[in-house]
Amino acid sequence: MQKCCYVLPLKWGMLYLAVVDIILGVIGCLAVYGILLIACLLLIISIWAKSKLAFFYVFTSFIRWAYFIYRIALGFNNAMIVEAVIHLIILIITIYFWFCVRSWYLELKDKEAEN
């Protein structure tokens, strides 16, 4: 391969790829953690509002899990074992959190059905 993206010399192509990858990584992290932030804020509101806003956390957890599974696979694939293990631990904790929030959501749903 002589050129990157059929246009750039390899040297400058690596710079281009690195910058684009950094930008995509930041966007990906902001998207995942931005969604998480909103979900957590709605979860806090659901405590006082007694509404089913906890559903957003339950639903968006699947996006987080996909992200963590991706990071775990990437870590093991690139021999970054410590990073992969850290993400695996975080994944296990978030699954436990999901069960707790799901129970809260079902409790709110049952209370709403009683009224």
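Residues numbered from 1 in each chain as written. Predicted model: local features only at pLDDT ≥ 70, side-chain atom pairs only at ≥ 80, totals over all residues. Heavy atoms only, no water.

Q: Residue-level account of the overall build of the protein chain, with values.
A: From N to C terminus, the protein chain includes 3 helices and 2 strands. For the protein chain, the succession of helices and strands along the chain, N to C, is β-β-α-α-α. Radius of gyration (C-alpha) of the protein chain: 20 Å, far over the 13 Å computed for a compact globule of 115 residues. Counting only residues that meet the buried cut, the protein chain has 23% of its 115 residues in that class. Restricting the contact set of the protein chain to residue pairs at least 6 apart, pairs at least 24 apart contribute 47%. Carbon and sulfur atoms form 76% of the exposed surface of the protein chain, whose accessible area is close to 8,300 Å². A gap of 10 Å separates the mean positions of the 9 positive and 6 negative side-chain charges of the protein chain. (Helix = DSSP H or I, 4+ residues; strand = E, 2+ residues; numbered from the N terminus. Rg over C-alpha atoms; globule rule 2.2 N^0.38 Å. Buried < 20%, exposed > 50% of the residue type's maximum accessible area, 1.4 Å probe, protein only. Contact = heavy atoms within 4.5 Å. Areas by Shrake-Rupley, 256 points an atom, 1.4 Å probe, with all protein chains shown as cover. Lys, Arg positive; Asp, Glu negative; His and termini not counted. Charge placed at Lys NZ, Arg CZ, Asp CG, Glu CD.)

Q: Explain the packing of helix α2 (residues 54-77) against helix α3 (residues 81-114) residue by residue, including any values.
A: For the pair α2 and α3, interaxial distance at closest approach is 9 Å and the crossing angle is 165°. In this view, α2 runs roughly antiparallel relative to α3, as classed from their interaxial angle. As for the relative orientation of α2 and α3, their crossing is left-handed in sense. Tallied by class, residues from the contact of α2 with α3 come to 21 nonpolar, 4 polar and 4 charged. (Axes fitted to C-alpha atoms, helices over the stretch in contact; angles between N-to-C directions. Parallel < 35°, antiparallel > 145°, perpendicular 65-115°, else oblique. Left-handed = near helix turned anticlockwise from the far one by under 90°. Nonpolar A, V, L, I, M, F, W, Y, C, P; charged D, E, K, R; others polar.)

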